[in-house]
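Summary of structural features
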Amino acid sequence: MAGYRKLGRTSSQRKALLRNQVTNLLYHGKIVTTEAKAKEIRKIAEHMIALAVRERDNYEVVTVQAKVPQKDKDGKRVKEVVDGKKVTVYDTVDKEIKKDSPSRLHARRQMKKVLYPIKEVPTATAGKKKGTKEIDVTNILFEEIAPKYADRNGGYTRIIKIGPRKGDAAMEVVIELV
């Protein structure tokens, strides 16, 4: 007997479908799908959340110096002429960054193997590249989801049956983060 559901798809199609649905579940908090798919999604999502919970505080804060361009009152870069060329003027500022420990970095890379990057497009610029933001779902896992489930030992998702689908009578469910 197989250790997983094949969902009537080839392995590459099945992997893409599950990756997409797990990404959307973690980003939106809940999705509607069939019962068989939800049970497979649950396995992957719980593993991702467990990784995040285990490694949530495994980093150190480091102060680094960064060069930042000076800006004028209109928000444009300040330029000065040096040897007949216009050159941007930079300030040096101290920034605090989170430096992942090796085990947290490994967990982050394991998550990135499964989760797709999400592009968020503002409604005003729909259909255009300008203004789109790429959202890192692994950061959402570490910063929002993991602290929420820090004191919980598994059982991060819930499956609620909502009845048969109209077209083919497949049992539809809502899978959500608890």
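Before reading on, note that the structure itself is shown above.
Residues numbered from 1 in each chain as written. Predicted model: local features only at pLDDT ≥ 70, side-chain atom pairs only at ≥ 80, totals over all residues. Heavy atoms only, no water.

Considering the nonpolar core
To be explicit about the condition: Side-chain atoms within 4.5 Å are what join buried Ala, Val, Leu, Ile, Met, Phe, Trp, Tyr and Cys residues into a set we call a nonpolar core. Only protein chains enter the area calculation, which uses a 1.4 Å probe; residues under 20% of their type maximum are buried, those over 50% are exposed, and those in between are partly exposed. The numbering of helices and of strands both runs from the N terminus, where a helix is a DSSP run of H or I of at least 4 residues and a strand a run of E of at least 2. Every residue pair with non-hydrogen atoms within 4.5 Å of one another is taken to be in contact.
Leu26, Ile49, Met111, Leu115, Leu141 and Ile145 are the most contacted members of the largest nonpolar core, which totals 32 residues. Elements with a contribution of two residues or more to this core: α1 (11-28), α2 (35-55), α3 (102-114), α4 (137-148) and β9 (171-177). Broken down by element, the residue count for this core peaks at 8 residues, all from α2. In this view, Ile145 contacts Leu26, Ile49, Ile140 and Leu177; residues no more than four positions away in its chain are not counted.

With respect to the packing of α2 against α3
Rules: Axis angles are defined between N-to-C directions and span 0 to 180 degrees, where every axis is a line fitted to C-alpha atoms and, for a helix, only to the segment in contact. Between 65 and 115 degrees an angle is taken as roughly perpendicular, under 35 as roughly parallel, over 145 as roughly antiparallel, and anywhere else as oblique. Each crossing is labelled by how the near helix is turned from the far one, with a counterclockwise turn of less than a right angle marking it left-handed and a clockwise turn marking it right-handed. Residue polarity follows a fixed list, in which Ala, Val, Leu, Ile, Met, Phe, Trp, Tyr, Cys and Pro are nonpolar, Asp, Glu, Lys and Arg are charged, and the others, Gly among them, are polar.
Packing of α2 against α3 brings their axes to within 10 Å, and their N-to-C directions diverge by 160°. In terms of axis orientation, α2 runs roughly antiparallel to α3. Between α2 and α3 lies a crossing of left-handed hand. Residue-level inspection shows Ile44, Met48, Leu51, Ala52 and Glu55 of α2 in contact with α3, the latter providing Ser103, Arg104, Ala107, Gln110, Met111 and Val114. For the contact of α2 with α3, the per-class residue count stands at 7 nonpolar, 2 polar and 2 charged.

Concerning the side chain of Lys37
Worth spelling out the cut-off: Two residue types count as positive, namely Lys and Arg, and two as negative, namely Asp and Glu; His and chain ends fall outside the count. One side-chain nitrogen of Lys or Arg within 4 Å of one carboxyl oxygen of Asp or Glu is enough to make a salt bridge.
One can find Lys37 in helix α2. For the buried Lys37, no salt bridge exists, and the shortest N-O distance to an oppositely charged side chain is 8.1 Å, to Asp168. Apart from the residues within four sequence positions on either side, Lys37 is in contact with Leu7, Arg9, Leu17, Leu18 and Gln21.

Some points on α3
We apply this condition: How far a helix is expected to stretch is found by multiplying one less than its residue total by 1.5 Å. The arc under discussion is defined with respect to the helix axis, by the directions toward the C-beta atoms.
Its 13 residues give α3 an end-to-end C-alpha distance of 19 Å, which sits within 8% of 18 Å, the value for a rise of 1.5 Å per residue. Listing the buried residues of α3 in full gives Arg104, Ala107, Arg108, Met111 and Val114. For α3, the angular spread of buried residues about the axis comes to 120°, placing them on one side. Those residues of α3 that are exposed and aimed more than 90 degrees away from the buried face are Pro102, Arg109 and Lys113. Close packing links the buried residues of α3 with α1, α2, β2 (59-69), β5 (90-100) and α4.

A look at the sheet that holds strand β1 (residues 30-34)
Rule in force here: At least two DSSP bridges between two strands are needed for those strands to be called paired.
Across the sheet, which stays open at both edges, the 3 strands sit in the order β1-β9-β8 with antiparallel pairing between neighbours. Both edges of this open sheet fall to β1 and β8 (157-164), since each of them pairs with a single strand only. For this sheet the average axis-to-axis angle between neighbouring strands, irrespective of direction, equals 25°. Sheet topology places β8 next to β9; 7 bridges connect them, and they run antiparallel. Opposite Lys161, over in β9, you have Val173 as the bridge partner. On the sheet, α1 packs against β1, β8 and β9 and is oriented at approximately 145° with respect to β1.

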